[in-house]
Amino acid sequence: MDFTRLQNYMDRLVNEYNTPSVDCIVYKEHEQLFRYFNGKKDIENNKPIQGDELYIIFSMTKMLTCSCALQLFEQGKFLMSDPVSKFLPEFEKMKISDENGSDDKAASITTGVASGEYEAVKESGYAKNPITIKDLFTMGAGLDYNINADYIKKAISENKTTTREIVRALSETTLGFEPGTRFRYSLCHDVLGALVEVISGKKFGDYMTENLLEPLGMKDTFFGVPKDEEKLSRMTALYAYNAERMPERRPLVCGYNLTDEYQSGGAGLVSNPTDYALFLDALANGGIGKSGKRILSSSTVDLMRTNHMTGKQCEDFDKVRKGYGYGLGVRTHIDKSRSGSLSPIGEFGWDGAAGCFSMVDPSNKLSMTYFQQILGWDLRIQTEMRNVLYSCLD
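Residues numbered from 1 in each chain as written. Predicted model: local features only at pLDDT ≥ 70, side-chain atom pairs only at ≥ 80, totals over all residues. Heavy atoms only, no water.

**Digging into the sheet that holds strand β9 (residues 238-241)**
With mixed pairing, the three strands of this open sheet are ordered in space as β10-β9-β17. Only two strands of the sheet have a single partner each, and these edge strands are β10 (247-250) and β17 (374-375). Relative to β10, β9 runs antiparallel, the two sharing four bridges. Across the sheet, Leu238 pairs through a bridge with Arg250, a residue of β10. (Pairing = 2+ DSSP bridges. Helix = DSSP H or I, 4+ residues; strand = E, 2+ residues; numbered from the N terminus.)

Set out below in structure tokens:
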């Protein structure tokens, strides 16, 4: 295997796509085959990337959250068909919009940020379908991604700042469609984090640390931008592309961690590439990590990467990722003719608002971890990167 092409592609991202810095790791059967980083963690102060940087990973949090919930599923704590209200009673009776998803905003979604989801909706009574736990995994609950909603602000103003309290406030939203009938990227996995808390009896972050991070040896993954100087000095600066497609610095914040106590299961983690690569390597190897510890069964990993979209949901998600379906918190490859990807059917993963990207291929026990930190990135780089990787394996 010759990874020259992949290294050259990483350089191209810096030189042609004006990505401030890139860091890429490839694992196969618990062995690191490739690691390359280039660029600057801080352009203004001319600081080159060193490889030990910390990043706000935004929606790359979701795969870890879903894995935590799936551990509880394996223990028989719930069924996918269970109503969410069995554990979070406030979600039993949900208001619904009379639009019922007809405005079709799926195509406007930028990963990690749902655009155009904040308009007022006209209530039309209550949903007929209960929100099931599967609906949370598959973004089929009808929720939105409005973290600035009045009911959230009200809860925080009343000092209701924990994960459980803010998710309780989320139940005041008006659903965009009948649960289980559409796909809409939303705060579903934040609700899933609260579900993990209730079922496990532990704070969400504590459960994740004890049952996922520590077994895999992930010592640099945690909720919220760090406040201590050592960790803060390792943070990569956050940028966004301006109108000329050049990096423009942004404040180093993650708005999805709404309070210091709130742990966003959808977008709240900070991590680094070497840590996250251990997680993806475990999924690529049937749930067993490089440490030898098992985090999920191989059957559960297969269920995670199975396409769970049906009917109108398939049409919705096709607008987001052509050639891919959506499993339990992950995109999953279902049609090479539409994706244009060299990866095998069943390859899966997700990404984050600032461009971090994960790819897991259990068929070849292969994984790729890619980290960057600039908003407004081009989705095409994911397909290009995958194709370059597979060309290196021949």
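**Considerations on the nonpolar core**
Core analysis: the largest hydrophobic core is formed by 94 residues, its most contacted members being Met63, Phe137 and Phe279. Residues contacting Phe137, with those up to four places away along its chain left out, are Cys66, Ala69, Leu70, Phe78, Met80, His189, Leu192, Tyr326, Gly327, Leu328 and Gly329. Membership of the second largest hydrophobic core comes to 28 residues, among which are Leu366, Met368, Tyr370 and Val388. (Core = buried A, V, L, I, M, F, W, Y, C linked by side-chain atoms within 4.5 Å. Buried < 20%, exposed > 50% of the residue type's maximum accessible area, 1.4 Å probe, protein only. Contact = heavy atoms within 4.5 Å.)

**Focus on the sheet that holds strand β4 (residues 55-56)**
Read from one edge to the other, the open sheet built from three strands follows the order β4-β11-β8, with strand pairing classed as antiparallel. Each end of this open sheet is capped by a strand with a single partner; those strands are β4 and β8 (222-223). Relative to strand β11 (residues 269-271), β4 runs antiparallel, the two sharing two bridges. For Ile56, the partnering residue across the bridge sits in β11 and is Val270.

**What about empty space enclosed by the protein?**
The rolling of a water-molecule-sized probe over the atoms marks out the regions of remaining empty space. Within the structure shown, the criterion is met by four cavities of 30 Å³ or more. Each pocket or cavity is described by its volume, and for the second largest cavity that value is around 40 Å³. What lines the second largest cavity is simply Leu143, Asp144, Tyr151, Leu170, Thr173 and Leu187. Split into classes, the residues belonging to the lining of the second largest cavity amount to four nonpolar, one polar and one charged. (1 Å grid on protein atoms, 1.4 Å probe; cavity = no way out; pocket = protein on both sides within 12 Å on 5 of 7 lines; lining within 4 Å. Points joined across faces, edges and corners; volume = space filled by probe spheres on them. Nonpolar A, V, L, I, M, F, W, Y, C, P; charged D, E, K, R; others polar.)

**Examining the packing of aromatic side chains**
Overall, the coordinates contain 16 aromatic pairs when judged by the stated rule. Relative to Phe78, the ring of Phe73 has its centre 5.7 Å away and its plane inclined at 45 degrees; by these criteria the two rings are tilted. What makes Phe73 partly exposed here is its relative accessible area of 23%. Judged by its relative accessible area of 3%, Phe78 is buried. With centroids separated by 5.6 Å and ring planes inclined at 75 degrees, the aromatic side chains of Tyr145 and Tyr256 adopt a geometry described as edge-to-face. Of this pair, Tyr145 sits in the loop between α3 (133-137) and α4 (150-157) while Tyr256 sits in the loop between β10 and β11, and the two are 111 residues apart along the sequence. Judged by its relative accessible area of 1%, Tyr145 is buried. (Phe/Tyr/Trp six-rings, centres within 6.5 Å; stacked < 30°, edge-to-face > 60°.)

**Section: helix α5 (residues 163-170)**
Because an α-helix completes one turn every 3.6 residues, residues spaced three or four positions apart along the sequence face the same direction. A large share of α5 lies buried, amounting to six of its eight residues. Along α5, the residues classified as buried are Thr163, Arg164, Ile166, Val167, Ala169 and Leu170. Buried-residue contacts for α5 involve α4 and α6 (188-200).

**Brief notes about the pattern of salt bridges**
For the coordinates displayed, the defined rule picks out 22 salt bridges. In this structure, Arg234 and Glu230 form a salt bridge, with 3.9 Å as the shortest nitrogen-oxygen distance. Of this pair, Arg234 and Glu230 both sit in helix α8 (residues 229-234), four residues apart, which is roughly one turn of that helix. When the shortest N-O distance is used, the salt bridge between Arg386 and Glu347 registers 3.9 Å. (Salt bridge = Lys/Arg side-chain N within 4 Å of Asp/Glu carboxyl O.)

**Things to note about the packing of α5 against α6**
Packing of α5 against α6 brings their axes to within 9 Å, and their N-to-C directions diverge by 130 degrees. By the criterion of interaxial angle, the relationship of α5 to α6 is oblique. When you trace α5 past α6, the crossing you get is left-handed. Each of Thr163, Arg164, Val167 and Leu170 in α5 lies in contact with α6, whose residues at this interface are Asp190, Val191, Ala194, Glu197 and Val198. Grouping the amino acids of the contact of α5 with α6 by side-chain chemistry returns five nonpolar, one polar and three charged. (Axes fitted to C-alpha atoms, helices over the stretch in contact; angles between N-to-C directions. Parallel < 35°, antiparallel > 145°, perpendicular 65-115°, else oblique. Left-handed = near helix turned anticlockwise from the far one by under 90°.)

**Concerning the side chain of Ser171**
Mapped onto the fold, Ser171 is located in the loop between α5 and β7 (174-175). Sequence-distant contacts of Ser171, that is, excluding residues within four places in its chain, are made with Glu90, Phe91 and Met94.

**What to know about the side chain of Arg321**
Structurally, Arg321 can be placed in the loop between α11 (312-318) and β12 (324-326). With relative accessibility at 7%, the residue Arg321 sits in the buried group. Side chain to side chain, Arg321 and Asp351 meet in a polar contact 2.9 Å long. (Polar contact = N/O pair within 3.5 Å; in protein donor to acceptor, adjacent residues only side chain to side chain.)

**Section: unusual backbone geometry**
Of note in this structure, Arg245 is not a glycine but carries a positive phi near 60 degrees. With respect to the helices, strands and loops of the structure, Arg245 is situated in the loop between β9 and β10. For Lys365, which is not a glycine, the phi torsion comes out positive at approximately 50 degrees. Structurally, Lys365 is set in the loop between β15 (357-361) and β16 (366-371).

**Focus: the confidence of the model for the chain**
With 93% of its residues at a pLDDT of at least 70, the chain reaches an overall mean of 94. Every residue in residues 106-119 is under pLDDT 50, and counting partners more than four places away or in other chains gives 30 contacts. (pLDDT = per-residue confidence, 0-100.)

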